[in-house]
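Here is what each chain is made of, one letter per residue.
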Amino acid sequence: MTTHEWTERAACLDTDPELFFPISAEGPSSQQFSRAKAVCGRCQVREQCLAYALETRQAHGVWGGTDPHQRRAWISSVPV
C-alpha cells in the first residue's frame, strides 16, 4: 500500500471536510467534534489516520477519532 492509499478507504471520504475542523472546542462546536468522532468510530482506517496525524503533528481538526487536545496529550506523554 502506498503512503496515503489508506485515505481511499476512509469513512470521511464522502463527508464535508469542515465537519472535522470545528472553530472551537466549546459551545456548538463541541457537538461538531462529537459528530466528527462518530464518523471516525466507524472507520476501517482510523489507526492509519491517527498515526499520520501524530507523525505529521496535525495541530487542528479531528484525525483518527482524536481532537487536537487529545493528540497533544498523547505526544507529550511519549518519551523522547
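Residues numbered from 1 in each chain as written. Predicted model: local features only at pLDDT ≥ 70, side-chain atom pairs only at ≥ 80, totals over all residues. Heavy atoms only, no water.

A. Main features of the overall build of the protein. Per the secondary structure count, the protein includes three helices and zero strands. Ordered by position from N to C terminus, the α and β elements of the protein give α-α-α. The C-alpha radius of gyration of the protein comes to 13 Å, within 12% of the 12 Å expected for a compact globule of 80 residues. The principal-axis extent of the C-alpha atoms belonging to the protein is close to 40 × 35 × 15 Å. Each of the 80 residues in the protein was classed as buried or not, and the buried ones make up 32%. When contacts within the protein are restricted to residue pairs at least 6 apart in sequence, those whose partners lie at least 24 apart make up 39%. As presented, the protein carries roughly 5600 Å² of accessible surface, and 55% of it is formed by carbon and sulfur atoms. Positive and negative charge centroids in the protein, built from 8 and 9 side chains respectively, lie 7 Å apart. (Helix = DSSP H or I, 4+ residues; strand = E, 2+ residues; numbered from the N terminus. Rg over C-alpha atoms; globule rule 2.2 N^0.38 Å. Buried < 20%, exposed > 50% of the residue type's maximum accessible area, 1.4 Å probe, protein only. Contact = heavy atoms within 4.5 Å. Areas by Shrake-Rupley, 256 points an atom, 1.4 Å probe, with all protein chains shown as cover. Lys, Arg positive; Asp, Glu negative; His and termini not counted. Charge placed at Lys NZ, Arg CZ, Asp CG, Glu CD.)

B. A look at the side chain of Gln32. Looking at where Gln32 falls in the secondary structure, it is placed in helix H1 (residues 28-41). Looking at Gln32, the relative accessible area reads 17%, which means it is buried. A polar side-chain atom of Gln32 sits 3.1 Å from the main-chain carbonyl oxygen of Leu19. Ignoring any residue separated from it by four or fewer positions in sequence, one finds Gln32 in contact with Glu18, Leu19, Phe20, Phe21 and Pro22. (Polar contact = N/O pair within 3.5 Å; in protein donor to acceptor, adjacent residues only side chain to side chain.)

C. Representation of the confidence of the model for the protein within the structure. Averaged over the protein, the pLDDT score is 91; the fraction of residues at 70 or greater is 95%. Mean pLDDT across the elements of the protein bottoms out in helix H3 (residues 68-77) (90) and peaks in helix H2 (residues 46-55) (95). (pLDDT = per-residue confidence, 0-100.)

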